[in-house]
Structure formats: structure tokens, C-alpha cells
Amino acid sequence: MVKFSVALLGAALSIYAQSKNSPIDKFRQLEEILPTPNEYRTASGAPGHKYWQQRADYKIKVEIDDVNQKLTGAETITYHNNSPDTLMYLWMQLDQNIWEPGSDAMTTRTAPDFKQVPFRMAAGLLRDPFPGGYKITSVTDAAGGKMPHTVVKTMMRIDLKDPLLPGAKFVFNIAWNYNITNSKWLPGRTGYERFDKDGNYLYCLAQWFPRLAAYYDVYGWQHKQFLGQGEFTLEFGDYHVEITVPEDHVVASTGVLQNPAQVLKPVWRERLKQAEKSTKPVMIVTEADAIENEKHKPTGTKTWVFDAQNVRDFAFATSRKFIWDAQLHTAGGHNTWAMSYYPKEGNPLWERYSTQAVVHTLNTYSKYSFLYPYATAISVNGVVNGGMEYPMLCFNGPRPLEDKTYSSRTKYGLISVVIHEVGHNYFPMVVNSDERQWTWMDEGINSFLQYLSEQEWEPDYPSRRGEPRTITEYMTSDIQDPIMTNSETILNLGSNAYHKAEVGLNILRETILGRELFDFAFHEYARRWKFKRPTPSDFFRTMEDASGVDLDWFWRGWFYTTDHTDISLENVRLYTLDTKNPDLEKPAAKQRKAEEPESVAEQRNKNLHRRIEDYPELADFYNKFDEYAVTEKDRAEYKKFVDGLESDEKSALTPGFNFYVMDFKNIGGLVMPLILKIEYTDGSSDLLRIPAEIWRKNNVQISKLHVTRKEIKQITVDPFLETADTNLTNNFFPRKPVKSPFQLFKEQREKNPMQKDKEPAAPKPATEPTSGQQ
Ligand SMILES: [Zn+2]
């Protein structure tokens, strides 16, 4: 007797879709999880007829102290309350406060793994705390009256004397200063780099002014504290910014330069004119100019003035080391200056690739979303380890080695990071998602478009991500989170919000929707939410609304769970038709009988002496009867049977068909389309693409019938590796070994100190900077 435990029976029952005993239905609609549609956000995923968003316009004066690496600023903000709500206070973001010694970002850091501590980290642990963070020197209203304000870690509440009514605006002023972080010790998205050889500084300045927190219909004030990982949620506005720097600095900035005659040398302005007509980048400040510049120390300052319209943030970079190249890019009747700024340490890589990659990005991203809306698109080499994005301008890290050589990884790392960071102009700088809440909405979507752009750069471009097969290891790892995890909480941001989300979109485009439907729906999402703030549900709903395909099962599985794809072809059964025709069926039955294996006893009994040999009279009718012999009676009976059939029923008796039943098991949990390559013994093959809905009534095991006159030799599940199937060993019938090389190592003993002592001293090889993207 076989006993099943109750628990096992429960598990066995839960495999079915949704039944009395089982709540698991992977195709259940998402309405129970998504927010209820309303007049601000519709059920179709479009902005509703009462959609609103706040607006903040800034006028800022800022000065960089190049001796003390300090920033001092004053701003006048006009805040437009476009919401239907009356506001009693405003919230500002004070991102610099994560560098305060007692900040949550500092105190909630957990201990490093002391088995492997990099030297710089160890040295950092011993340093005195950096006196970082904003010093807010005044908060006043338009009339100059002091305003009560309360700093809450990385946020500041400003209390209003009079309630701010719907449709009203409010003007106020803030003055501040802070010590700029040294990116060597406090790496992040902003800071300065000191070049020891010439004593000069390069500044990349971002999150450098108190910015309005976003207030919107889904979260109210988005003032979730900044812990360093979740990026920024911001309002659009117009900026007028006056940047005062040492007089020999070159400034790269969000916005359009308003006073070129005051800050640019005549020869630079002349070269800019030439660049207007050029089809490739033109040097504005040459390497020779920059090297000359490095040698001088300034005596005074200059103020660069930039204006930017309808941007959600403002960043700039400044240094006397900058080389500057530019090319005017025209698309759809709109001009954009594609430009790069870099120190000589960036060459020869930067002069060859940076601006080219900027122009390439404007072309490819516009194809999949909308025309680039701004007047400049800038790539700056400085301070960040990987790259970091702001409106119209981004910072990118990769550089060649000191001897001007570079690895392939650095070369493609630079091209890829420029594409990625310039690409962020579209997501989230224009499609303004809430980064503090959802990293995937900008990083996943942007990484996806980055991959498409890389593939348009050159054949066999070495994209690090993109193909579904690149995510399989992460999908089965125990640090995998659902994509729908808050930005500050995600365990591995790169694998999750970038990579997993990106691969999901690729699977959607190539396998589930197809390129035509996907691209149409994605265009619609970009069009609907350009200069607005979408949430995940707006994306999910728009992609379904515009494609006409129910994708709730895919959002549920890929975005809300940690399930992975592992579909196993467990078994294949072959059925052939019983035609009832005795002339066909009886010989076939005889053949089957003959093919049955001889049992061990039968083999051994062959020479056994039998009783019937001694008494032949024991044999009667049945000893001669051949059950497989066809008789005339059989034939007459068959004829009568066939004559009694309707003509359409008769066609079912056509001989020669094979009925293959393939049994599949879903081991990983994710439901996915079944892609089957069926190869026949005659050398031909079929490709079957079966939608994921085949799993809708049983998402653990299903069987699929394939009818053919041919004989199957081999079946392969997911032959082109497009579903991120994590285990390929069960993808074949018959099973076959999955080839992978195993590396042979010669066991090496650590040399003993005496052996080492006899070796000549060897120079240490130079190391490459690592690359990462933000
Ligand atoms: Zn990014």
C-alpha cells in the first residue's frame, strides 16, 4: 500500500489553475493589485481628463570656491500649485545631507565583509567624518520675511503663513552653502576630482540646490528619505542659473548659454559656427588649449548664464582642464548641440567616441519614443565611477590608462555608458517617473533602449545585457527580488531594476508581442507620458491597451514574483490510429506482439521438455488458431462498419498519421510561451510558437498534441534561448547532454618565501577602472 501525506496531496492539488482547493491562478487579472483608475489616471493607462502636476521655476545664483571646494548658492523659487488641494507647507529635498556625519545613509551602513576589504575602503574607514551636508543660511518669502522651516534628515518642511490654494503660486527664497565631496573618498553622483599632477580640479555638480519634492496624485508629497540608492522624484520647471567660477574655467551645463560673448574666447565662438555645418564633431576647446589652460592660475571670476525650459533638474560641470567638442544634430526640423567635455586624461577615447555616441543615441531613442526635445545633449568625463544622468547633461567615468592604451571593456564601456546616460534624457528626464519609488521605470526601460542602440552601433556589439540568456543565473539566485520592490530596498539594483526589467521588455518585444505590436504600444506609452509622471500601472495598462494583448500574466510573473522560467519536456507519447481495417490492423498487432521482448523465463524455457510432446492428443482447435490471420468474415464485418459511417467520419480512418503527445512540466513557476523546434527523421523540421495561454488552466503540467505523417527525431524547447529558461538539460526529447567546457587547472602550490626571495622583482600591472551605470 502507498500512503500519501495530507501535505503532499495539498501540494498536488494546488498545481491547478483556480479551483475549490487551489487559489493559484497565474492568469488572474491584476486589478486587485493595481490602483483603481480615476479621473487622473485612466484604466487604459493614459493620463485622465483631470490629470495635473505641480511646477517649480528656479532662478539661482551659484559660486564655486576652487580653493576650498565649496559651493555657495541662493535661489528664488516660484511654486505653482496645480493640484486640486490646498497646501499648508512645502517639502524640499536636501540630498547633500546624506554626507552629514550622522545621516541615516551613514549610520545604517552595515559592516563590510572583512574577509575582503579593498584598500581604499579600509582607508576610508579610518578617515575623520567629512563635514558635508547643506548649511541653510536663510529661507524667506518674496517680501524678505523669514519663513519657519524644519530640516528632517534629507528633507525640509517650509511652513506657509497662508494656505496655498489650488491654482495659486508662491514665491520664496533659500540661501545655502556646502562643502563639495571628494569623489575619491565619497563616491556618488556628484563631487570633485583633484588631478595631483597639475593640481587642478574638475567639478561635477548635481543635487547641488534645495529642490522641491514632488507632490502628486498617487503619493501626495514624495518625501521618502534619500538613503543613497533610490534616485530623484522631481517637478518640471524653467531655470535661469548664473554660475560663477574661476575666470579660466569652461562650464558645461543643463540649458542654453545666454552670454557666450562674455565667457567664450572669440576663436571658440568661431569654431562653434564651423561646427554648425559639420557632420562630425568639431573641436571647440582643443587639447592644446586645455593643456595651456591647466598651467595658469586664475586672478578673477566669470559668470556663465544658462536658461533651461521645462526640465526637471539642473546640473553642471566646471574645470580649467576641459577639452570641448561639438556637433549640431538636426532631426525633424529641430536642432540639438551634441557635445562632450573631458580632460586630456580622457583621450584618445573621448575625442573619438563620446560625441559620436551622443548623436547615435539621439537617433535611436527618438526612433522608439519621440524626438529629442532639448537644445543640447552633453556628455562630461568626470568623477562618477560609471555614469550619471541629468537633463541635457550627463557625467561618464571611463578613461584610458595613463599610457593612452585601453581595453575593449573600457572602450565599449564608454560607448555604452554614454548611450545609457544620454538615453536617460528620455526616461526619466522627459517621461518623468518616480525614481525614489521605482528604479525599473527609468533604468529598466532605459537599459532596454540602450541595448537596441548598441546593436545599431556595429555588428556583434558586445552588449553586457539584453539577451534573455544573460539573466538566467540571477533568476535562480537567492538574492533575486521582485522588480516591484522599492528603489532603496532592492538587493542587487543592477541585476534587478536594470537587467531583469530590460530582459523582460526584450522577451515582450521579441517573443510575446512581436516587434510591430510592441513598438506601437511602447511609442504610445512614451507619447502619452512625455513631460508627465507615469506609474507602473500606467505602463502596464498602456502596453495592453495599445497592443490588444492581455499581458497581466506577464506583469504578474515577471514583475511581481521571483519565479523563473524552467519548462521541461518530460515525455513524448506516440499514438497511431486504429483504422479497424483487419488487413492493416491484424498484421500490425502481430508485429507489435513479435516486437515484445522475450522474457528471461521464456529465454531459459526454450529447451524445456513439455507434456504435449508426449501426448499430442492434447492439441485441439486453439493450438492451431492464429488470432492475427485475416478472415473473410473480418473483411465483411469491416465493410459493414465503414458503410455505416457518414462521409466526413470516414476521413478519420486515413492511415499513416502519427499522434505525438508531448508532456510539459513548468518547474520554474513562470508561465511562458512554448517555443518548439520539431525535427523529423526525413531531415525536415517545424517551429511551433504556442502562446503562454496554453498554461491557463494548469500552470504546472500540460500536454500538447502534434499530428504528423512524419516520424519525430528530436524536439527542442526554446531553441533560440528567448525565454530565459534557466535549465536547458530538460529542454530536449530525447534527452541529450548540454555541452559546456570544464576548465582544467593545474594545481599550483603557493611559492614558499625562499622561492619568492630568489625571483627578480616584477613591475605591478596597471589596473583598469571598473564601470557601472546609474
Ligand atoms: Zn541609468
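No experiment lies behind these values; they were computed from the predicted model shown.

## Details of the overall build of the protein chain
- The helix and strand inventory of the protein chain stands at 20 helices and 30 strands.
- Expected size for 774 residues packed as a compact globule is a radius of gyration near 28 Å; at 35 Å, the protein chain overshoots this value by more than 25%.
- Overall, the C-alpha framework of the protein chain stretches about 130 × 80 × 60 Å when taken along its three principal axes.
- A fraction of 76% describes how many contacts in the protein chain between residues 6 or more apart in sequence connect residues 24 or more apart.
- If you sum the accessible surface of the protein chain, you get close to 38600 Å²; carbon and sulfur atoms cover 53% of it.
- Taking the average place of the 93 positive charges on the side chains of the protein chain and the average place of its 103 negative ones, the gap between the two points comes to 2 Å.

## Some words on the packing of aromatic side chains
- Summed over the entire model, instances satisfying the criterion amount to 56 aromatic pairs.
- Between the aromatic rings of F427 and Y525, the centroid separation amounts to 6.5 Å while the plane-to-plane angle is 5 degrees, which identifies the pairing as stacked. One end of the pair, F427, is in the loop between α8 (408-423) and α9 (440-455); the other, Y525, is in helix α12 (residues 515-529), with 98 residues separating them in the sequence.
- By relative accessible area, F427 is classed as buried at 1%.
- Above the face of the F232 ring, R211 is positioned so that its terminal group lies 4.7 Å from the ring centre.
- R533 extends its terminal NZ or CZ atom over the ring of Y216, reaching a point 4.7 Å from the ring centre.

## Notes on the nonpolar core
- Membership of the largest hydrophobic core comes to 186 residues, with the highest contact counts inside it found for F172, W208, W440, F539 and W558.
- In this structure, W558 is in contact with I471, M475, I483, K500, V503, G504, I507, T565, L670, M672 and A724, ignoring residues within four places of it in sequence.

## Details of helix α5 (residues 266-277)
- Buried within α5 are the following residues: W268, R271, L272 and A275. Projected down its long axis, α5 carries its buried residues within an arc of 110 degrees, all on one side. Along α5, exposed side chains directed more than 90 degrees from the buried face belong to P266 and K277.

## Focus on the environment of L272
- By secondary structure assignment, the location of L272 is in helix α5.
- According to the relative accessible area criterion, L272 is buried, its value standing at 15%.
- C-alpha of L272 to C-alpha of M392: the two residues are 120 residues apart in sequence and 18 Å apart in space.
- Setting aside anything within four residues of it in sequence, one finds L272 in contact with L264, I284, W324, A326 and W337.

## Here we look at the layout of surface pockets
- Roughly 370 Å³ of internal volume is contained in the second largest pocket.
- By residue class, the composition of the lining of the second largest pocket is 15 nonpolar, 3 polar and 3 charged.

## Looking at a nonpolar patch on the surface
- There is a patch of nonpolar side chains on the surface, built from F114, M121, L125 and L126 and spanning about 480 Å² of accessible area.
- Of the residues examined, M121 reaches a relative accessible area of 40% and is grouped as partly exposed.

## Looking at the side chain of S369
- Tracing the backbone shows S369 in the loop between α7 (349-368) and β21 (376-381).
- When sequence neighbours within four positions are dropped, the list of residues in contact with S369 reads Y426, F427, H523 and A526.

## Overview of the sheet that holds strand β25 (residues 658-666)
- Here 3 strands make up an open sheet; going across it, the order is β24-β25-β28 and the pairing antiparallel. The strands lining the two open edges of the sheet, one partner per strand, are β24 (567-576) and β28 (701-708). Each neighbouring strand pair of the sheet contributes to a mean axis angle of 20 degrees, computed without reference to strand direction.
- As judged from the 9 bridges shared by β24 and β25, these two strands associate in the antiparallel manner. Among the inter-strand pairings, I567 is bridged to a residue of β25, identified as N666.

## A closer look at unusual backbone geometry
- Cis geometry marks the peptide bond from F427 to P428, where omega comes out at 15 degrees.
- Along the polypeptide, P428 turns up in the loop between α8 and α9.
- Looking along the chain, the bond that leaves F733 and enters P734 is cis, with omega of -10 degrees.
- As for its placement among the helices and strands, P734 is situated in the loop between β30 (732-733) and α20 (753-758).
- Despite not being glycine, D718 shows a phi value in the positive range, around 55 degrees.
- In this structure, D718 sits in the loop between β29 (712-717) and β30.

## Looking at the pattern of salt bridges
- Inspection of every chain in the model, using the stated rule, returns 43 salt bridges.
- Residue D198 pairs with K344 through a salt bridge whose shortest N-O separation is 3.7 Å. Residue D198 is located in the loop between β8 (191-195) and β9 (200-205), and its partner K344 is located in the loop between β20 (334-342) and α7; the two are separated by 146 residues in the primary sequence.
- Overall, K344 belongs to the partly exposed group, its relative accessible area being 21%.
- A salt bridge links R533 to E235; the nearest nitrogen and oxygen atoms lie 3.2 Å apart. Within this pair, whereas R533 is found in the loop between α12 and α13 (536-547), its partner E235 is found in the loop between β12 (220-222) and β13 (237-246), the two being separated by 298 residues in sequence. In this pair, the class of R533 matches that of E235, namely buried.
- Via salt bridges that share partners, D198, E294, K321, K344 and E345 belong to a single interconnected network.

## Digging into the packing of α12 against α13
- Remark: α12 packs on α13, axes separated minimally by 8 Å, with the N-to-C direction vectors making an angle of 130 degrees. In terms of axis orientation, α12 runs oblique to α13. As for the relative orientation of α12 and α13, their crossing is right-handed in sense. Of α13, the residues touching α12 (which contributes L517, F518, F520, A521, F522, E524, Y525, R528 and W529) are D538, F539, T542, M543, D545, A546 and S547.
- When the residues that make up the contact of α12 with α13 are grouped by side-chain class, the tally is 10 nonpolar, 2 polar and 4 charged.

## Details of the sheet that holds strand β16 (residues 282-285)
- Spatially, β16-β19-β20-β21-β23-β22 is the arrangement adopted by the 6 strands of the open sheet, whose pairing is mixed. Each having just a single partner strand, β16 and β22 (387-390) make up the two edges of the open sheet. When strand polarity is set aside, the average angle formed by the axes of neighbouring strands in this sheet is 20 degrees.
- Two strands pair when backbone bridges link them, and β21 and strand β23 (residues 393-396) are joined in this way by 4 bridges, in the parallel orientation. Its bridge partner lying in β23, S379 is registered against C394.
- Helix α6 (residues 287-294) contacts β16 and β19 (323-331) of the sheet and is inclined by roughly 15 degrees relative to β16.
- Across the sheet, α8 touches β21, β22 and β23, and the angle it forms with β23 is around 150 degrees.

## Here we look at the confidence of the model for the protein chain
- With 95% of its residues at a pLDDT of 70 or more, the protein chain shows a mean pLDDT of 93.
- Every residue in residues 1-15 is under pLDDT 50, and counting partners more than four places away or in other chains gives 9 contacts.
- Every residue in residues 765-771 scores below 50 in pLDDT, and together they form 10 contacts with partners more than four places removed in sequence or on other chains.

## So, the packing of α9 against helix α11 (residues 493-512)
- Running from N to C, α9 and α11 point in directions that differ by 60 degrees, and their axes come no closer than 8 Å. Judged by the inter-axis angle, α9 sits oblique to α11. Once α9 is placed against α11, the crossing between them reads as right-handed. When α9 is examined against α11, the residues W440, E443, G444, I445, S447, F448, Y451 and L452 are found in contact with a partner set consisting of A497, Y498, A501, E502, L505, N506 and R509.
- For the contact of α9 with α11, the residue count by class is 9 nonpolar, 3 polar and 3 charged.

Criteria and cut-off values
Residues numbered from 1 in each chain as written. Predicted model: local features only at pLDDT ≥ 70, side-chain atom pairs only at ≥ 80, totals over all residues. Heavy atoms only, no water. Helix = DSSP H or I, 4+ residues; strand = E, 2+ residues; numbered from the N terminus. Rg over C-alpha atoms; globule rule 2.2 N^0.38 Å. Contact = heavy atoms within 4.5 Å. Areas by Shrake-Rupley, 256 points an atom, 1.4 Å probe, with all protein chains shown as cover. Lys, Arg positive; Asp, Glu negative; His and termini not counted. Charge placed at Lys NZ, Arg CZ, Asp CG, Glu CD. Phe/Tyr/Trp six-rings, centres within 6.5 Å; stacked < 30°, edge-to-face > 60°. Buried < 20%, exposed > 50% of the residue type's maximum accessible area, 1.4 Å probe, protein only. Lys NZ or Arg CZ within 6 Å of the ring centre and 35° of its normal. Core = buried A, V, L, I, M, F, W, Y, C linked by side-chain atoms within 4.5 Å. Arc of directions from axis to C-beta. 1 Å grid on protein atoms, 1.4 Å probe; cavity = no way out; pocket = protein on both sides within 12 Å on 5 of 7 lines; lining within 4 Å. Points joined across faces, edges and corners; volume = space filled by probe spheres on them. Nonpolar A, V, L, I, M, F, W, Y, C, P; charged D, E, K, R; others polar. Patch = residues over 30% accessible without salt bridge, like charges linked within 9 Å, V, L, I, M, F, W, Y side chains within 5 Å. Salt bridge = Lys/Arg side-chain N within 4 Å of Asp/Glu carboxyl O. Pairing = 2+ DSSP bridges. Axes fitted to C-alpha atoms, helices over the stretch in contact; angles between N-to-C directions. Parallel < 35°, antiparallel > 145°, perpendicular 65-115°, else oblique. Left-handed = near helix turned anticlockwise from the far one by under 90°. pLDDT = per-residue confidence, 0-100.

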